[in-house]
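# Close look at the chain arrangement
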Amino acid sequence: MFQSFFPKPKLFFASAVIWSLIGILLWYTVMREVGVGIGFAPYPQGEQPIGLAHFITPDFLWFYIYYAAFTVAFGVFWWFFGDNRKWQAWSVWGSSLIIFITYFSVQVSVAINNWRRPFGDTLQAALEGNQGITEGDFYSLMLIFFQITSLSVIIFILSRFFISHYIFRWRTAMNDYYTGMWERVRHIEGASQRVQEDTMRFASIMEGLGVSIIDSVMTLIAFLPVLFSLSSYVTHLPIIGEIPAPLFNAAIFWSLFGTVLLAVVGIKLPGLEFRNQRVEAAYRKELVYGEDHEDRADPITLRELFTNVRRNYFRLYLHYTYFNLFRSLYLQADNIFAYFILVPTMVAGKITYGIVQQILTAFGQVSSSFQYLVLSWTTIIELISIYKRLKAFEAAIFGMDLPEIDREDYQEPGGAVADTHPD
């Protein structure tokens, strides 16, 4: 799956993580100050330009240069020390481009969040009867919003086009790799399905899940500093009182609380999903045998196999009931939690409507990013199951024992033992 597309996958991903952490650490500790020293100073808090000017501020231009330099250094290293140059243009440079595009897309959300303050303050002034507010003020702000969203649409279309090609190149690499080893893997049950369907499903899930998790990480990188700076407008939290960076700390606490809560209440669901694959596979396999053999797929056997399917689904429904209960309660509370922590500040009249809108948006972005893994767990489980199936090919290619999921037996009706690969 990975060796076919990436150079020395284990070292590559480990180095990519370390290199990214070094890059982020240097940016926030040293390089931003270096940029200020050479003329790339950021705008003060509250004075950031709104609209498309947000993307060409001096600190943004400095970040573009910094990211390009870091990417070139990483890419050149792997071009000389990698072992898979056929796909490196896509796997190395393409991955870097996807990360940048994702970060740029998140910055579009930041630009919209910056726009919310003047629009909200203008709206508040108009509703209070301020005679200085004209129709032109609203129309000019709406035009700026249209410019930002137009850029967002263009970036979205181009990024989806590129990512679709990137993922299909990955699928092509897997297909070429597995078919090139066909004589070694053809004896595995369902080999044709794994090469065709599983690689297709793997690519499809990675297109959505992989990009989404990058988006979540980029959102945290972009919005945590925003939330930290907005904390200057809030001094007290309900019940707790005054703490440093209250918005920042409250967002992290609330998000981690939700993540741990949903992970605990849903701890049994992954195992049931895997079990579901086994009972469905046993039922489907008996039906396939019945197409060619008259002594297979008799009504009694099929009834017993389908009973196993029904029993597992009913257990899933039961566990999903309390999982959905806790998830729904948490998400409903999440809708009002940001307002809850702002109550003392709003009552004291220390912030305007526009700032409230900025805080709510930033808080929501951070919360949803932290909660991403739990809320997407069903897709993650499906990806893991596909990964386990395709691992059988790697095992066969390198002469290793098959993974456990390909060696498990399932007790069929009547006491017979049958292989239950989910094919």
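Heads up: the structure comes first, above all this text.
Below or above, wherever it landed, is the structure these notes cover. (Residues numbered from 1 in each chain as written. Predicted model: local features only at pLDDT ≥ 70, side-chain atom pairs only at ≥ 80, totals over all residues. Heavy atoms only, no water.)

## A short note on the environment of proline 49
Where we set the bar: Here a helix means four or more residues in a row that DSSP labels H or I, a strand means two or more in a row labelled E, and each is numbered from the N terminus. Only protein chains enter the area calculation, which uses a 1.4 Å probe; residues under 20% of their type maximum are buried, those over 50% are exposed, and those in between are partly exposed. Throughout, a contact is declared for two residues whenever any of their heavy atoms are within 4.5 Å.
Its location among the elements puts proline 49 in the loop between helix H1 (9-37) and helix H2 (58-81). The buried category is assigned to proline 49, whose relative accessible area is 18%. As for proline 49 and tryptophan 115, which are separated by 66 residues in sequence, their C-alpha atoms are 8.8 Å apart. Beyond its immediate stretch of four places on either side in the chain, proline 49 contacts Tyr43, His54 and Thr57.

## What about a positive patch on the surface?
Going by this rule: Each patch is built from salt-bridge-free residues with over 30% relative accessible area, joining like charges within 9 Å and nonpolar side chains (Val, Leu, Ile, Met, Phe, Trp, Tyr) within 5 Å. Residue exposure ignores everything except the shown protein chains as possible cover, and the areas themselves are Shrake-Rupley values with a 1.4 Å probe. For this analysis, a salt bridge means a side-chain nitrogen from Lys or Arg found within 4 Å of a carboxyl oxygen belonging to Asp or Glu. In this tally, Asp and Glu contribute negative charge and Lys and Arg positive charge; neither His nor the terminal groups of the chain are included. In plain terms, the charge of a residue is placed at NZ if it is Lys, CZ if Arg, CG if Asp and CD if Glu.
On the surface, a cluster of positive charge is contributed by Lys268, Arg275, Arg310, Arg311 and Arg315. Per element, the largest residue contribution to the positive patch is three residues, and it comes from helix H9 (residues 299-347). Summarising the element assignment, arginine 315 is placed in helix H9. Taking relative accessible area as the criterion, arginine 315 reaches 44% and is therefore assigned partly exposed.

## Quick notes on the side chain of glutamine 357
By the secondary structure assignment, glutamine 357 is in helix H10 (residues 353-370). Contact partners of glutamine 357, with chain neighbours within four places excluded, come to Asn113 and Arg116.

## Considering helix H3 (residues 88-127)
The line we're drawing: Multiplying 1.5 Å by the helix residue count minus one yields the expected span of that helix. The bend at a residue is defined as the angle formed between two axes, one fitted to the seven residues ending at that residue and one fitted to the seven starting there.
Here H3 spans 57 Å end to end across 40 residues, near enough to the 58 Å set by a 1.5 Å rise per residue. Remark: the principal bend of H3, roughly 35 degrees, maps to glycine 94. After H3 finishes, the residue glycine 129 shows a positive phi value of roughly 85 degrees.

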